[in-house]
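# Close look at the chain arrangement
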Amino acid sequence: MQLEKDTLQIVVVGGGSVGLLYAARLARSGQAVTIVTRSSLQSNQLMQNGLCYQQLDGEKSVVSIVAQPIEMGLPHADVYLLSVKQTDLPDLLPPLKDLPAKARVVALQNGMGHQELLAQILPQRQCFFAINTEGARRLSATEVMHTGSGLLRMGPWESGMQADAVMQAFVDALQEAGVNAQLEASIKPYAWRKLMANALINPLTALFDIPNGALLENPQTLQLMRELFLEASAVASAHGQKMKETDWQEIVTICRNTSRNLSSMLQDVKRQKQTEVEAINGYLVKRGREAGIPTPLHDVLLRLVLLKTDVGIGKEGGDRK
Ligand SMILES: NC(=O)C1=CN([C@@H]2O[C@H](COP(=O)(O)OP(=O)(O)OC[C@H]3O[C@@H](n4cnc5c(N)ncnc54)[C@H](OP(=O)(O)O)[C@@H]3O)[C@@H](O)[C@H]2O)C=CC1
Ligand SMILES: CC(C)(CO)C(=O)C(=O)O
């Protein structure tokens with residue numbers, strides 16, 4: 001099947017940091033994008049005011065955007081980019097279940113668990129995954145800031161699938177929009193490596209209330225990250241994912257490239273929202289237990305982040321009015 005880029009209909013589900021970032025960039029380059037938001041307040045504001053996008057160099061532009069609330073269901077599209085948190089994915093299963101067979105769903109969550117969840121309702125050929133190392137921060141319902149450069153890798157969970165024309169057209173559209181997007185034969189190894197990065201960066205930044213780059217400035221945090229890496233590597237290895245020294249260096253590079261970014265977990269803590277720590281450090285603890293590998297450091301981070309959100313330490317007014 002040949003699909004023209006300019007006929008591609010894209011729906012971004014979730015008007016948060018990452019959803020607004022990709023919607024803005026795609027819409028700005030002339031792609032047909034609709035944002036599906038949780039609230040009708042946000043979709044109305046986006047339709048009325050447009051979406052203000054602040055580039056990495058600080059330059060701002062306002063992009064016209066089509067938006068609608070999830071209560072209207074999912075509009076027709078070729079590709080659905082799911083940019084909600086792991087914790088919000090279960091709510092999307094009913095509308096996703098009804099999508100036509102030719103639609104492609106791309107799940108962009110950090111952490112693990114989403115693959116098993118989506119496999120319950122969608123056939124493998126419709127399900128794709130994205131690993132995102134770009135940093136984004138939602139400043140308000142209609143404003144987003146690009147806070148760190150990175151890559152957007154997409155592909156099926158495991159290899160063995162044939163090339164997909166819709167996904168290729170989506171990658172082309174993203175590249176045209178200036179996004180460093182690429183198609184991979186299998187996302188699983190990247191998902192494990194991103195899991196490791198998030199398990200090191202996110203809880204520490206959330207607990208100490210610091211941007212990603214600050215982790216590299218202190219030898220104590222760097223040492224702690226290194227020990228967390230070794231602990232998580234043992235778990236990954238027991239599940240067929242052998243980590244190398246270059247994987248550690250890659251995590252340091254992510255930290256450096258997104259140095260100004262407040263990690264998604266820190267943003268959640270500040271807004272007193274449920275974090276993804278259970279899908280990140282909690283996943284490593286669980287898989288470690290299954291394999292008989294102790295993960296005391298990740299277990300402590302898991303408990304501390306849960307405690308922090310439970311007692312509301314770190315609350316900020318936020319923009320969710
Ligand atoms: N922020 C970052 O820099 C990065 C984030 N990620 C990952 O990307 C994913 C998204 O993160 P991020 O954008 O930061 O998260 P946000 O919390 O900023 O955004 C998620 C958005 O999804 C919306 N949402 C929730 N449920 C629904 C629903 N049922 N229908 C429609 N919209 C819904 C939320 O609405 P509401 O606003 O009403 O709560 C929110 O706007 C996460 O898995 C994160 O870990 C990955 C790399 C970098
Ligand atoms: C890449 C990184 C670490 C950017 O902050 C991220 O994935 C997140 O914040 O969840």
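An unreviewed UniProt entry annotates the chain as 2-dehydropantoate 2-reductase of Brevibacillus choshinensis. Recorded in UniProt under Catalytic activity (unreviewed entry), the annotation for the chain is "(R)-pantoate + NADP(+) = 2-dehydropantoate + NADPH + H(+)". Comment text from UniProt for the chain, heading Function (unreviewed entry), reads "Catalyzes the NADPH-dependent reduction of ketopantoate into pantoic acid."

What follows covers the site of ligand 1. Taken together, 30 residues surround ligand 1, and among them Gly14, Gly16, Arg38, Asp88 and Asn110 come closest. Of all elements in the fold, only helix 1 (17-28), strand 2 (32-37), helix 3 (89-97) and strand 9 (135-140) reach the threshold of two or more residues within the shell around ligand 1. Per-class residue counts for the shell around ligand 1 are eight nonpolar, 15 polar and seven charged.

Around ligand 2, a shell composed of Asn110, Thr133, Gly135, Asn198, Ile201, Asn202, Asn212, Ile254, Thr258, Asn261, Ser263 and Ser264 is seen. Residue contributions to the shell around ligand 2 peak at three residues, all from helix 6 (residues 188-208). When grouped by side-chain class, the residues that make up the shell around ligand 2 number two nonpolar, ten polar and no charged. A domain split of the shell around ligand 2 shows at least three residues from each of domain 1 (5-186) and domain 2 (189-311).

With that out of the way, let us pick up the environment of Ala103. One can find Ala103 in the loop between helix 3 and strand 7 (104-107). For the pair Ala103 and Leu216, spaced 113 residues apart in sequence, the C-alpha separation works out to 42 Å.

What follows covers the packing of helix 7 (residues 219-238) against helix 10 (residues 281-291). Between helix 7 and helix 10, the shortest axis-to-axis distance is 9 Å and the interhelical angle comes to 60°. The orientation of helix 7 relative to helix 10 falls into the category oblique. Note on packing geometry: the crossing formed by helix 7 with helix 10 is left-handed. When helix 7 is examined against helix 10, the residues Ala232, Val235 and Ala238 are found in contact with a partner set consisting of Leu284, Arg287, Gly288 and Ala291. Considered class by class, the residues forming the contact of helix 7 with helix 10 number five nonpolar, one polar and one charged.

Mapped onto this numbering, the UniProt entry annotates "domain: Ketopantoate reductase N-terminal" (unreviewed entry) at residues 10-158. A helix fraction of 25% and a strand fraction of 35% characterise residues 10-158, whose end C-alpha atoms lie 24 Å from each other.

Let us look at the sheet that holds strand 5 (residues 66-69). The eight strands lie next to each other as 5-2-1-6-7-8-11-12, forming an open sheet whose pairing is mixed. The outermost strands of the open sheet, each flanked by one partner alone, are strand 5 and strand 12 (181-183). Direction aside, the axes of adjacent strands within the sheet are offset by 25° on average. Examined bridge by bridge, strand 7 and strand 8 (residues 127-132) share three bridges and lie parallel to one another. Residue pairing across strands places Ala107 opposite Phe129, the latter belonging to strand 8. Sitting on the sheet, helix 2 (residues 40-49) is in contact with strand 2 and strand 5, with an inclination near 165° to strand 5.

Calculation rules
Residues numbered from 1 in each chain as written. Chains lettered and ligands numbered in written order. Predicted model: local features only at pLDDT ≥ 70, side-chain atom pairs only at ≥ 80, totals over all residues. UniProt positions renumbered as here; feature names shortened; annotations may be inferred. Near = placed C-beta within 6 Å. Helix = DSSP H or I, 4+ residues; strand = E, 2+ residues; numbered from the N terminus. Nonpolar A, V, L, I, M, F, W, Y, C, P; charged D, E, K, R; others polar. Domains from an automatic or database assignment. Axes fitted to C-alpha atoms, helices over the stretch in contact; angles between N-to-C directions. Parallel < 35°, antiparallel > 145°, perpendicular 65-115°, else oblique. Left-handed = near helix turned anticlockwise from the far one by under 90°. Contact = placed C-beta atoms within 7 Å. Pairing = 2+ DSSP bridges.

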